[in-house]
Amino acid sequence: GKRAESSTGNLTSLDYNQDEGIWTWNGKEYGSKSRLLQDMEAANLSKSEENELKRKFRVFGEDFS
């Protein structure tokens, strides 16, 4: 489906609370990285969105895979 241009910013906003092990992405909280990656997969990210998220995973010392 088509996405509104304004929503794409959220798809690259990734936050990780290391104390609680909680990921926040696209306005949702995830206690599990595999669930997070599943949703990212389902979001049909563009290459640039994917690269941005990979970069952020590395910042948190994690891997995007």
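Up top is the structure these notes are about.
Quick summary incoming for the structure in this document. Every chain's residues receive numbers from 1 upward, in the order its sequence appears when written. The predicted origin of the model limits local features to residues at a pLDDT of at least 70 and limits the giving and counting of side-chain atom pairs to 80 or more, whereas totals for whole chains, interfaces and linings rest on all residues. Side-chain measures here rest on the full set of heavy atoms in the structure, leaving out hydrogens and waters.

1. Describing the side chain of Lys56
(1) Moving on: Helix and strand assignments follow DSSP, with helices taken as H or I runs no shorter than four residues and strands as E runs no shorter than two, numbered in order from the N terminus. Here Lys56 shows up in helix H3 (residues 47-59).
(2) Moving on: Whether two residues are in contact is decided by their heavy atoms, any of which lying within 4.5 Å being enough. Ignoring any residue separated from it by four or fewer positions in sequence, one finds Lys56 in contact with Thr12, Ser13 and Leu14.

2. Focus: the sheet that holds strand S2 (residues 22-25)
(1) Moving on: With antiparallel pairing, the three strands of this open sheet are ordered in space as S1-S2-S3. If you trace the sheet from one side to the other, it starts and ends with strand S1 (14-17) and strand S3 (28-30), each paired once. Recorded for the sheet is a direction-independent mean angle of 20° between the axes of neighbouring strands.
(2) Moving on: Two strands qualify as a pair provided DSSP detects at least 2 bridges between them. Bridge count between S2 and S3: three bridges; the pairing is antiparallel. The axes are straight lines fitted to the C-alpha atoms, using for helices just the contacting stretch, and the angles between their N-to-C directions are given from 0 to 180°.

3. Looking at the pairing of S1
(1) Moving on: Only one face of S1 is buried: it carries Leu14 and Tyr16, and the other face, with Asp15 and Asn17, is open.
(2) Moving on: Both S1 and S2 contribute to a ladder of four bridges, which runs antiparallel. Its bridge partner lying in S2, Leu14 is registered against Trp25.
(3) Moving on: In textbook terms, the turn of a hairpin is the stretch between consecutive antiparallel strands, and for S1 and S2 this stretch comprises four residues, one of which, Gly21, has a positive phi near 70°. Working definition: with a 1.4 Å probe on protein chains only, accessible area under 20% of the residue-type maximum means buried, over 50% means exposed, and in between means partly exposed.

4. A closer look at the environment of Lys54
(1) Moving on: Within the fold, Lys54 resides in helix H3.
(2) Moving on: The spatial distance from the C-alpha of Lys54 to the C-alpha of Phe64 is 5.5 Å, given a sequence separation of ten residues.

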